[in-house]
Amino acid sequence: GNIALYHATFKNHYHIVEYLLKKGVSPNSKSISYNTPSFYHSCKTGDLKMVKLYLKYKVNLKKFGKNAYDYARYNNNWNVVFYLEKTMPVLRKLN
């Protein structure tokens, strides 16, 4: 499930990601090759729809939130940055 989730996220296949999450694949799972959560890719590319999907399925923002936020900021994906700030206000205090 982890590899499928990562590849579906990487290819922006929203419905496949949603299906995998519904079937119980953890939104916190990491890619074996990159050792990063799939959620990071959505933040990095600015895919707000996918970010919202991961948040719906309870991606661990305490564990991954700061790095995901940094990925979004570094890549100038302000829609994701502002959404994460709204979702997790403590992020504003870290910068």
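Trainee: Break down the overall build of the chain for me, with residues and values.
Mentor: Scanning the chain from N- to C-terminus turns up seven helices and zero strands. In the chain, the succession of α and β elements from N to C terminus is α-α-α-α-α-α-α. The 95 residues of the chain split such that 45% are buried. Contacts spanning at least 24 positions in sequence make up 66% of the contacts within the chain whose residues lie at least 6 apart. As displayed, the chain offers around 5,700 Å² of accessible surface, 53% of which is attributable to carbon and sulfur atoms.

Trainee: With reference to specific residues and values, describe the environment of L20.
Mentor: Inspection of the secondary structure puts L20 in helix α2 (residues 14-22). For the pair formed by L20 and A4, sequence separation is 16 residues and the distance between their alpha carbons is 8.0 Å.

Trainee: Account for the packing of aromatic side chains, with residues named and values stated.
Mentor: Enumeration according to the criterion identifies four aromatic pairs in this entry. The interplanar angle of 15° and the centroid separation of 6.4 Å between the aromatic rings of Y6 and F10 together place this pair among those described as stacked. You can see Y6 and its partner F10 sitting in helix α1 (residues 2-10), four residues apart, about one turn around the helix. Residues Y40 and Y71 carry aromatic rings whose centres are separated by 5.0 Å and whose planes lie at 45° to one another, so their mutual orientation is tilted. Taken as a pair, Y40 in helix α3 (residues 38-45) and Y71 in helix α5 (residues 61-74) lie far apart in primary sequence, 31 residues in all. We classify Y40 as buried; its relative accessible area is 9%. With a relative accessible area of 29%, Y71 lands in the partly exposed category.

Trainee: Can you break down the environment of S26 residue by residue, with the values?
Mentor: Here S26 shows up in the loop between α2 and α3. Residue classification places S26 among the partly exposed residues on the basis of a relative accessible area of 32%. Considering only alpha carbons, one finds S26 and V59, 33 residues apart in sequence, at a separation of 8.0 Å. Once residues lying within four places of it in the same chain are set aside, the contact partners of S26 are L5 and L21. Looking at S26, its side chain comes within polar contact range of the main-chain nitrogen of N28, at 3.0 Å.

Trainee: Residues and numbers for α2, please.
Mentor: Within the span of α2, buried status applies to Y14, V17, E18, L20 and L21. Along the axis of α2, the buried positions cluster into a sector of 165°, meaning they face one direction only. In α2, the exposed residues that point more than 90 degrees away from the buried face are H15 and K22. Where the residues of α2 are buried, they touch α1 and α4 (48-56). Looking at the residues trailing α2, positive phi occurs at G24, about 105°.

What counts as what
Residues numbered from 1 in each chain as written. Predicted model: local features only at pLDDT ≥ 70, side-chain atom pairs only at ≥ 80, totals over all residues. Heavy atoms only, no water. Helix = DSSP H or I, 4+ residues; strand = E, 2+ residues; numbered from the N terminus. Buried < 20%, exposed > 50% of the residue type's maximum accessible area, 1.4 Å probe, protein only. Contact = heavy atoms within 4.5 Å. Areas by Shrake-Rupley, 256 points an atom, 1.4 Å probe, with all protein chains shown as cover. Phe/Tyr/Trp six-rings, centres within 6.5 Å; stacked < 30°, edge-to-face > 60°. Polar contact = N/O pair within 3.5 Å; in protein donor to acceptor, adjacent residues only side chain to side chain. Arc of directions from axis to C-beta.

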